[in-house]
Amino acid sequence: MSPRPRLLLISHDMGGGVERHVRDLQALLGACADVDLLHAHGPATVVMEEAGAEPAWWRFADWEDVVAALAGRAYDRLCIHHVHGFAPAILALPARLGLPYDLTIHDFYPYCPIHSLSTPEGDYCGEPDAEGCARCVHGRPHPWGLGIAEWRERMHGFLAGAERVIVPSQFVAGRLARHFPDVPCAVQPHPPRHEWLEPAPPRCKVGLLGGLAPVKGLATVLASARLAQDAGQPLAFCVLGYPASAVPTWPELPIQVRGEYRDADLPALLALERCDVLWFPGRIPETYSYTLDVALASGLPIVASDLGAVAERLRDAGRGALLSADAPPGRWNEALLAAGASAHATPVVMRGAEARREYLDWFMAPVTVAARDGAPPVASTTSARSKVTVIVRASAER
């Protein structure tokens, strides 16, 4: 038998914060003790997870056998986190084994059989007097079927028998003291989950707008994401839209997919994502791009394929980094990281209302001039401001 201390953790199987804490504690204690876990599973079964062994399934009907098996494990201490799902006999287990125990409180079950101080509608019950609690319990039966007075009497003995009643906050200690004033509590916050609380290394967040089809660079994005993952490059990709086919997402690849949106919502959604750079990795030339309007208006750095109207518009605007559409993933990622590093520079923003007014004025100019002068529309006009040439043919020339 191992010379290390042997501990038994006892809890429910409902998941949530209780299971998270118990699993964290199991890992934390495992450095200096042999730690087993006993938890309820369903209405008639308990599961025993012995350190380094496959789980064993025991029936409640064989509780005496369960107690005998636990006694044979020669534990030094019990660490009880919850009794939900067990039969009432669980309260007597420490005495049956002759062991000291800690009792960690995760909710309000010692005085509330519903555990959560909630109404059937999900609101806070306000913690009424004993008569109000009795009505609540009567209308919401719990597995043990005890009245509120008997429930609290049994729980009082359970609390009083513990060597330590551990609570994660002074708030919980105060609530228990209202009902069990003679039971001291040790206020001890749960140990932090260090791997979650360490500052994460910064990542460059790359936004992709609209549908992500093969012609829009789907394969290019997947290749860049795979390289970023394998090489540890600090890049993350966010598709504001949806891909043409299912793609591996976080944590397999650093890709998030936000799904379909209304066009009018895209600027607000983009602002919420707080991207560092926007990417247009298209594989074919486009004649325009409405999502590029949003990208330009955002003021964010832009990286794009050197194709078609997207490249032309970026050149005209003096914006963006342009790469060959068949550039390798490493080159794309270098460009994205470089553009992301400049994300906090003063943005050049295209204002939508102003641009729409300019276009309207330009589009209507021939009609406006004709109406004012009584002359036919000019045959050709060039707008230096918009850098667009339009041919307008008079009806006599058709």
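Residues numbered from 1 in each chain as written. Predicted model: local features only at pLDDT ≥ 70, side-chain atom pairs only at ≥ 80, totals over all residues. Heavy atoms only, no water.

## Overview of the pattern of salt bridges
Where charged atoms of side chains with opposite charge meet at close range, the side chains can pair. What the rule picks out here adds up to 20 salt bridges. A salt bridge links K205 to E273, with the nearest nitrogen and oxygen atoms 2.7 Å apart. Within this pair, whereas K205 is found in strand 9 (residues 204–209), its partner E273 is found in helix 9 (residues 266–273), the two being separated by 68 residues in sequence. Residues K205 and E273 agree in their burial class; the two are buried. (Salt bridge = Lys/Arg side-chain N within 4 Å of Asp/Glu carboxyl O. Helix = DSSP H or I, 4+ residues; strand = E, 2+ residues; numbered from the N terminus. Buried < 20%, exposed > 50% of the residue type's maximum accessible area, 1.4 Å probe, protein only.)

## With respect to the sheet that holds strand 10 (residues 235–240)
Spatial ordering of the open sheet is given by 11-10-9-12-13-14, a layout of six strands whose pairing is parallel. On the outer flanks of this sheet lie strand 11 (255–257) and strand 14 (321–323), each paired with one strand and no other. The average angle at which neighbouring strand axes cross in this sheet is 25 degrees, direction not considered. Across the sheet, helix 11 (residues 308–317) lies against strand 12 (277–280), strand 13 (302–305) and strand 14, angled at about 140 degrees from strand 13, the strand it touches most. (Pairing = 2+ DSSP bridges. Axes fitted to C-alpha atoms, helices over the stretch in contact; angles between N-to-C directions. Contact = heavy atoms within 4.5 Å.)

## Observations regarding empty space enclosed by the protein
Going through the model one piece at a time under the given rule, you end up with one cavity of 30 Å³ or more. Volume-wise, the largest cavity comes out at about 30 Å³. Around the largest cavity, the lining residues are L212, V221, L222, V239, P243, V247 and I255. Partitioning the lining of the largest cavity into residue classes produces seven nonpolar, no polar and no charged. (1 Å grid on protein atoms, 1.4 Å probe; cavity = no way out; pocket = protein on both sides within 12 Å on 5 of 7 lines; lining within 4 Å. Points joined across faces, edges and corners; volume = space filled by probe spheres on them. Nonpolar A, V, L, I, M, F, W, Y, C, P; charged D, E, K, R; others polar.)

## Things to note about the packing of aromatic side chains
Using the criterion set out here, one finds seven aromatic pairs in the structure. Ring centres of Y101 and F158 lie 5.7 Å apart, and the angle between their planes is 20 degrees; this geometry places the pair in the stacked category. On the criterion of sequence distance, the pair formed by Y101 in strand 6 (residues 101–104) and F158 in helix 5 (residues 148–160) is long-range, its members being 57 residues apart. Residue Y101 is classed as buried on the basis of its relative accessible area, which comes to 7%. Feature note: the residues F108, Y111 and F171 constitute an aromatic cluster, connected by ring pairs. (Phe/Tyr/Trp six-rings, centres within 6.5 Å; stacked < 30°, edge-to-face > 60°.)

## Digging into helix 4 (residues 130–139)
For helix 4, the set of buried residues is G132, C133 and V137. All buried residues of helix 4 project into a common sector of 135 degrees when viewed along the axis, lining one side. Across helix 4 from its buried face, at more than 90 degrees, point the exposed residues E131, R135, H138 and G139. Packed against the buried residues of helix 4 are helix 5. (Arc of directions from axis to C-beta.)

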